[in-house]
Amino acid sequence: MTPKLRMSILALALLAVAGISVAALVNLGDKVHVTIQSEEDAARRGPDPLALVAADVGAARDEVRALGEGLADRLQLLHDALEGGATERERSLEAAIAGLRAELAALRTRVAEDARNAASSRAELGTALARLAEGRHAGAAADAGGAEVPAAVVPAALPLAGTGITPEVEAAVAIAADPGLEAGPEAPAPKPATKGFLSFKIPSQAFAFDRRQRYSVLPNLSRVGFDARSTLHDFSGVTTSVEGDFTANLARPAEGCGGFVRAKSASLDTGLEARDESMRELLEPAKHPDLRFDWESFEASSVDAAAQKVAGVARGRLTVHGVTKPIAMTVAATVDASKRLAIEGQTKIRLSDYGVKPPSKLGLISVEDEATLWIALRARTLGPADEAAR
Amino acid sequence: MSRGTLLLALAALGAPACIAPSVVQSSGRAVALDSAPLEWRPATPDDVAGLFESASIEGEAAAALWRVWYAFAADGTYSGAALVLGETHPVFQTLSGSWTLSDGQLDLGDGQTAPVAAAEDHLRLEGDGGVVILRRCRVQ
């Protein structure tokens, strides 16, 4: 190709490009507007619609959230109300069941009484008929020349026609005469309920060895004391000013037991007024009025549920003269005839551990540092322990 | 050592012979419950009439029945009160009615009879759940 021809083609191409650019500018010129706007213009024209829409959407979202939270509160209230209603219904049902149980127990008592009366009536009727039969038998035997007939077969062997005894009575007599029939179709008499006692209504099973129960120490039937040794002679200090409460399942004493026993230190009596005065000077009851044992755990060495006895080691904290120390006390407990829990226990303590200086007179009469602390308590059950409090 | 101290020491040495030991035996630590034995005999209406309080309650009933009082009037009426363990604490129960005594059985009007025996100022009532010893008391 010659240079001249190349120049011509290039010129034509440039012309074509220029023409296309002009045509495009003409076509798009009325469709594209570029505006440079000042802030005053924007303020004059008002807020951006898109921003307004976004704000509205945000507000709506907040309202929905608030509505949701309000709805959750209402649902919680509704839930609580339903729960409360269920609890109330449960209580009502329990009360109704307790009432039904009481009625059932009373009914059993009446049924047992009726059964006893019926048995008594049958026995009386049997005796009367046996006497009647004996009379008839004696007459028949006399007629037969004195031959004896076994008494047991008389009611069945002799016709009772003409005696005025109805078939029903005859059947009853047959039952009375046959021990096997006596216990036959009739249901066994229910065990007498302990609900009624000397006309009072008392709860049955108030005491249960294998149940976690609350106990209260009986002050008038309980004692706490110590045994001390001295160069003069040995002596004990005793008080009945005792109180306490505890919780325990005697069959499983390690489970959820605990409580306290407290005695008034000023009330300790050694039987000798001068010695009591010395003891009070040492124990300072005005400042430290209580001797206290806080029971925290129990390690059973033996549990005899049948004999209602338990023994082991009670652990806790002993406070004497305002000083608290951990101790372990050997304890044995049983149930007495009046269904009270009788507890006896003892442990060794050192007076000096509790800031009590063993008394000494003239260096000749002195009390040993070690003493035996003992308890002899009786406690009465206050009923089942609240399981929720465990 | 002064003369006074010596005398005190000698007195102290001689004192053990004068002061008896006062150790509570381990078998005697618990409060004694035994009282004087009572001679029981069949009760008469005169034994029953009067105001009584429980001296002891034994048996299953004792777990819930803490104290009992009866006031038996000579005209055949009576009133009773009992401190009974409720659900959480003891509560009083009261009752009243008519009493009769026949063949050693005390009928408190509820269709159940209780064997009753008497001793000096005491009654012993037996129920299905235990035995109650009542002690005659006076209004204060």
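Not measured: the values here are computed from a predicted model.

Rules used throughout
- Residues numbered from 1 in each chain as written.
- Chains lettered and ligands numbered in written order.
- Predicted model: local features only at pLDDT ≥ 70, side-chain atom pairs only at ≥ 80, totals over all residues.
- Heavy atoms only, no water.
- Helix = DSSP H or I, 4+ residues; strand = E, 2+ residues; numbered from the N terminus.
- Buried < 20%, exposed > 50% of the residue type's maximum accessible area, 1.4 Å probe, protein only.
- Areas by Shrake-Rupley, 256 points an atom, 1.4 Å probe, with all protein chains shown as cover.
- Polar contact = N/O pair within 3.5 Å; in protein donor to acceptor, adjacent residues only side chain to side chain.
- Contact = heavy atoms within 4.5 Å.
- pLDDT = per-residue confidence, 0-100.
- Buried area = accessible area lost by both parts, 1.4 Å probe.
- Salt bridge = Lys/Arg side-chain N within 4 Å of Asp/Glu carboxyl O.
- Phe/Tyr/Trp six-rings, centres within 6.5 Å; stacked < 30°, edge-to-face > 60°.
- Lys NZ or Arg CZ within 6 Å of the ring centre and 35° of its normal.
- Arc of directions from axis to C-beta.
- Pairing = 2+ DSSP bridges.
- Patch = residues over 30% accessible without salt bridge, like charges linked within 9 Å, V, L, I, M, F, W, Y side chains within 5 Å.

Q: Sorry, what's going on with the overall build of chain A here?
A: Each helix and strand counted, chain A has seven helices and 13 strands in total. Across the 390 residues that make up chain A, the buried fraction comes to 29%. Summing over all exposed atoms, chain A offers an accessible surface of approximately 24,300 Å²; the carbon and sulfur share of this is 60%.

Q: Could you clarify how one ought to interpret the side chain of Thr-347 of chain A in this entry?
A: Residue and element names in this part refer to chain A. Looking at the element boundaries, Thr-347 is found in strand 11 (residues 341-350). Judged by relative accessible area, which is 10%, Thr-347 ranks as buried. Here Ala-328 takes part through its backbone oxygen, which lies 2.8 Å from a polar atom of the side chain of Thr-347. If sequence neighbours within four positions are ignored, Thr-347 has contacts with Ile-327, Ala-328, Met-329, Ala-371, Thr-372 and Leu-373.

Q: Please clarify how the confidence of the model for chain A should be interpreted in this entry.
A: Caution applies to low-pLDDT regions: their predicted coordinates should not be interpreted in detail. Per-chain confidence: chain A averages 75 in pLDDT, with 64% of residues scoring 70 or above. Note that pLDDT drops below 50 for residues 135-194 of chain A; the model gives that stretch 41 contacts with residues more than four away or on any other chain.

Q: What is the right way to read the environment of Pro-289 of chain A from this model?
A: Residues and elements named next belong to chain A. Positionally, Pro-289 belongs in the loop between helix 7 (273-283) and strand 8 (290-304). Residue class for Pro-289 comes out partly exposed when judged on its relative accessible area of 38%. The spatial distance from the C-alpha of Pro-289 to the C-alpha of Val-320 is 9.2 Å, given a sequence separation of 31 residues.

Q: Just checking my understanding: could you explain unusual backbone geometry for this structure?
A: What you tend to see is this: most non-glycine residues have negative phi, and most peptide bonds are trans. Phi at Leu-198 of chain A takes a positive value of approximately 50°, unusual for a residue other than glycine. Even without being a glycine, Lys-339 of chain A presents a positive backbone phi close to 60°.

Q: What should I look at first to understand the interface of chain A and chain B in this one?
A: Quoted interface sizes are often the accessible area lost when the parts come together. Taken together, the contact between chain A and chain B spans 47 residues of the former and 52 residues of the latter. Taking both partners together, chain A and chain B bury about 3,900 Å²; carbon and sulfur atoms supply 64% of that area. Considering only the surface of chain A that becomes buried against chain B, Phe-197, Leu-198 and Phe-200 of chain A emerge as the three largest contributors, covering 18% of it. Counting across the interface, chain A meets chain B through two salt bridges. With a closest N to O distance of 3.1 Å, Glu-60 of chain B and Lys-339 of chain A form a salt bridge. Linking chain A with chain B are 16 residue pairs in polar contact (both at pLDDT 80 or more), by the criterion used here.

Q: How should I be thinking about the packing of aromatic side chains in this particular structure?
A: Aromatic rings considered in pairs are described by the distance between their centres and by the relative angle of their planes. Within the structure shown, the criterion is met by eleven aromatic pairs over all chains. Seen from their ring centres, Tyr-70 of chain B and Phe-72 of chain B are 5.2 Å apart, and the 15° between their planes marks the pair as stacked. Of the two residues, Tyr-70 of chain B and Phe-72 of chain B, neither departs from the other in class, the shared state being buried. An aromatic cluster is built from Phe-200 of chain A together with Phe-52, Tyr-70, Phe-72, Tyr-78 and Trp-99 of chain B, whose rings are joined through pairwise contacts. When the ring centre of Phe-235 of chain A is taken as reference, the NZ or CZ atom of Arg-275 of chain A above it lies at 4.3 Å. In this arrangement the basic side chain of Arg-124 of chain B is found over the ring face of Trp-40 of chain B, its NZ or CZ atom lying 5.0 Å from the centre.

Q: Any chance you could explain helix 7 of chain A here in plain terms?
A: Each α-helix winds once per 3.6 residues, and so residues spaced three or four apart point in a common direction. All names here are of chain A. Residues of helix 7 that are buried include every one of Arg-275, Asp-276, Ser-278, Met-279 and Leu-283, and no others. Within helix 7, the buried residues cover an arc of 160° as seen down the axis, which keeps them to one side. Exposed residues lying more than 90 degrees from the buried face of helix 7 are Glu-273, Ala-274 and Glu-281. Backbone geometry just after helix 7 places Glu-284 at a positive phi near 50°.

Q: Please clarify how the pairing of strand 7 (residues 258-264) of chain A should be interpreted in this entry.
A: Regular strands place their side chains on alternate faces of the sheet. All names here are of chain A. By the bridge criterion, six bridges tie strand 6 (residues 242-248) to strand 7 in an arrangement that is antiparallel. Residue pairing for strand 7: Gly-244 is matched across the bridge by Val-261. Pairing of strand 7 with strand 8, which is carried by six bridges, proceeds in the antiparallel orientation. Across the sheet, residue Gly-259 finds its bridge partner in strand 8, namely Trp-295.

Q: Help me understand a nonpolar patch on the surface, please; the structure alone is not making it clear to me.
A: Together, Met-7, Leu-10 and Leu-14 of chain A make up a nonpolar patch on the protein surface, roughly 340 Å² of accessible area in all. Here Met-7 of chain A lies in helix 1 (residues 3-28).

Q: Even after reading the chapter, I still don't get the confidence of the model for chain B, so can you show me in this structure?
A: All names here are of chain B. Across chain B, pLDDT averages 86, with 85% of residues at or above 70. Mean pLDDT across the secondary structure elements of chain B bottoms out at helix 1 (residues 3-14), with 51, and peaks at helix 2 (residues 45-48), with 96. For residues 12-17, every residue scores under 50 in pLDDT, and the model assigns this stretch four contacts once sequence neighbours within four places are set aside. Note on the complex model: pTM 0.59, ipTM 0.81.

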